[in-house]
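Analysis of the macromolecular model
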Amino acid sequence: MDAAIVIGGGFYGCCLALYLRAGGHRVVIIEREDVLLGRASLVNQARVHHGYHYPRSFVTAVRSAANFPRFALDFRHAVISDFSKVYAIARENSKVNAGQFYQFCRKIGAPIEEAQKKYASLFEAGSVEGIFSVKEFAFDAVRLREALLRRLRKEGVEIRFRTSAERIFQTREGNLSVVLEGGGSVDGGIVFAAAYAQLNVLLRASGLPPLPMKHEVTEVALVRHAPPLSGMGITVMDGPFFSTMPFPSRQAHSFTHVRYTPQGNWDDTQTPADPTRVLRDSQRKTACPQMMRDAIRFIPALRNSVHIGSLYEIKTVLLQNEDNDGRPILFRNDYSGLRGFGVVMGGKIDNIYDILAALGGLRDGAKALAPSGENWISRLFRGNDEQ
Ligand SMILES: Cc1cc2nc3c(=O)[nH]c(=O)nc-3n(C[C@H](O)[C@H](O)[C@H](O)COP(=O)(O)OP(=O)(O)OC[C@H]3O[C@@H](n4cnc5c(N)ncnc54)[C@H](O)[C@@H]3O)c2cc1C
């Protein structure tokens with residue numbers, strides 16, 4: 001049987017590879033780093049979204065609320081829930097007020113209640129107009145990586161590390177050929193590109209139209225909080241504010257700020273640039289002191305937090321969501337007329353179910369490409385205690 005090739009061994013590439021393998025395909029992952037989930041799937045806020053973040057994008061919020069319990073169960077060994085999560089609404093400059101936020105959460109079915117006094121007393125009087133306790137978890141990307149790697153090995157998926165896909169073309173016989181940097185190629189009947197920030201580099205090199213994307217150079221600061229903040233996650237909404245979440249893979253907290261986390265951005269359709277190069281050449285100068293200074297106006301106890309390092313990564317979003325912050329999936333099949341070539345971007349980790357639902361309808365000739373859809377991953381991981 002023809003090989004199915006997945007370009008990119010992030011969370012999406014690994015899940016896609018398992019999916020295709022379950023359909024009986026011989027599967028090869030091409031990953032240019034020397035680990036799986038070493039890029040955006042590792043360097044992020046580690047939030048398992050439940051919808052709270054998206055008052056301006058109802059569809060994303062509803063999908064998050066639907067996917068949250070499934071992700072928390074399917075990947076339970078990599079999900080951390082033993083912390084208290086609080087969302088607060090800033091009194092000034094917020095795009096949503098406390099009443100609207102509360103109603104919105106009720107509408108999407110995400111649990112919300114007024115926070116207890118012990119949490120409310122952490123905030124500077126008058127800085128916020130509502131403080132809510134919610135149900136939001138964090139994921140440990142290293143544990144996710146370990147679980148996926150074990151599973152990929154068990155299923156016999158071939159992984160080629162330190163191998164970079166340069167371009168893709170359709171052969172005269174109708175096969176797809178992935179040309180590798182430094183020479184050689186891998187051929188197959190199905191190719192999925194799950195290269196996240198690098199998708200357009202790959203598409204352009206293949207002579208294919210780029211996707212409407214925007215990239216940001218981002219800093220995820222890692223901090224150690226003192227109690228009680230060490231047992232909490234806090235997000236202040238909805239505008240130029242901040243968030244701190246447990247970051248389990250480093251046993252620390254992430255610290256991000258809407259104003260200071262992005263350290264530069266570009267519209268890839270207007271000024272195309274290779275994200276890897278931009279990241280490599282970026283200054284990587286921490287803005288954590290500025291983030292902290294601003295956040296201390298809301299939570300004075302953050303004065304006791306210590307910045308222990310920062311991670312930098314490119315964040316990629318679809319141009320259509322620049323203003324509403326929505327995170328829909330991007331999934332294109334037979335991209336630009338190349339039969340068998342799929343392009344995938346999840347936007348956030350829990351969107352995996354929406355991608356799998358979209359894939360569920362795909363066919364390889366007369367045959368379904370793989371087991372139908374979104375429930376498949378639950379079957380694969382649930383009850384798998386070696387995870
Ligand atoms: C700062 C930041 C914060 C975020 N916060 C959250 C959050 O809290 N919750 C959430 O759910 N999501 C969050 N996200 C989004 C989330 O990280 C991504 O949606 C998700 O990780 C994308 O997974 P992926 O597999 O598509 O990408 P990646 O994990 O980046 O995987 C792509 C892989 O492709 C490889 N690759 C690229 N080009 C090639 C090539 N030519 N040949 C071979 N291999 C190649 C890369 O090395 C990489 O391993 C955040 C993202 C960022 C950057």
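Refer to the structure printed above.
So, here's what we can say about the structure. (Residues numbered from 1 in each chain as written. Predicted model: local features only at pLDDT ≥ 70, side-chain atom pairs only at ≥ 80, totals over all residues. Heavy atoms only, no water.)

1. Here we look at the site of the ligand
- Taken together, 33 residues are adjacent to the ligand, and Glu31, Ser41, Arg47, Ala165 and Ile349 come closest.
- Alone, the ligand offers 1,000 Å² of accessible surface; in the complex the protein occludes 97% of this.
- Looking at the shell around the ligand, the elements that each hand over two or more residues are helix H1 (11-22), strand S14 (213-224) and strand S19 (306-318).
- Residues belonging to the shell around the ligand are distributed by class as follows: 14 nonpolar, 12 polar and 7 charged.
- Two domains each donate at least three residues to the shell around the ligand, and these are domain 1 (3-40 + 142-211 + 328-381) and domain 2 (81-139 + 213-321). (Near = heavy atom within 4 Å. Areas by Shrake-Rupley, 256 points an atom, 1.4 Å probe, with all protein chains shown as cover. Helix = DSSP H or I, 4+ residues; strand = E, 2+ residues; numbered from the N terminus. Nonpolar A, V, L, I, M, F, W, Y, C, P; charged D, E, K, R; others polar. Domains from an automatic or database assignment.)

2. Quick look at the side chain of Asp74
- Following the sequence through the fold, Asp74 ends up in helix H2 (residues 58-74).
- With relative accessibility at 0%, the residue Asp74 sits in the buried group.
- Here the side chain of Asp74 touches Tyr353 through a polar contact of 2.7 Å, side chain to side chain. (Buried < 20%, exposed > 50% of the residue type's maximum accessible area, 1.4 Å probe, protein only. Polar contact = N/O pair within 3.5 Å; in protein donor to acceptor, adjacent residues only side chain to side chain.)

3. Concerning the sheet that holds strand S3 (residues 47-48)
- Here we have 3 strands laid out as an open sheet, ordered S3-S8-S4, and antiparallel in their pairing. Looking at which strands have only one partner, the edges of the open sheet turn out to be S3 and strand S4 (79-80).
- The pairing of S4 with strand S8 (residues 137-139) spans 2 bridges and is antiparallel. In the strand pairing of S8, Val79 is matched with Phe139.
- Packing against the sheet, H2 makes contact with S3, S4 and S8, and its axis sits at approximately 55° to S8. (Pairing = 2+ DSSP bridges. Contact = heavy atoms within 4.5 Å. Axes fitted to C-alpha atoms, helices over the stretch in contact; angles between N-to-C directions.)

4. As for the packing of H2 against helix H3 (residues 98-108)
- It is the contact of H2 with H3, at a shortest axis distance of 9 Å, that shows an interaxial angle of 55°. Relative to H3, H2 is oriented oblique. The two elements H2 and H3 meet at a crossing, and its hand is right-handed. Contacts between H2 and H3 involve Phe58, Ala61, Val62 and Ala65 from the first element and Phe104, Lys107 and Ile108 from the second.
- Partitioning the contact of H2 with H3 into residue classes produces 6 nonpolar, no polar and 1 charged. (Parallel < 35°, antiparallel > 145°, perpendicular 65-115°, else oblique. Left-handed = near helix turned anticlockwise from the far one by under 90°.)

5. Some points on the sheet that holds strand S13 (residues 190-193)
- If you walk across this open sheet you meet the 6 strands as S9-S2-S1-S13-S21-S20, and the pairing is mixed. Edge positions in the open sheet fall to strand S9 (158-160) and strand S20 (330-332), since each of these has one partner strand only. Recorded for the sheet is a direction-independent mean angle of 15° between the axes of neighbouring strands.
- Of the strands in this sheet, strand S1 (3-7), strand S2 (26-30), S13 and strand S21 (341-345) are in contact with H1, which crosses S2 at around 170°.

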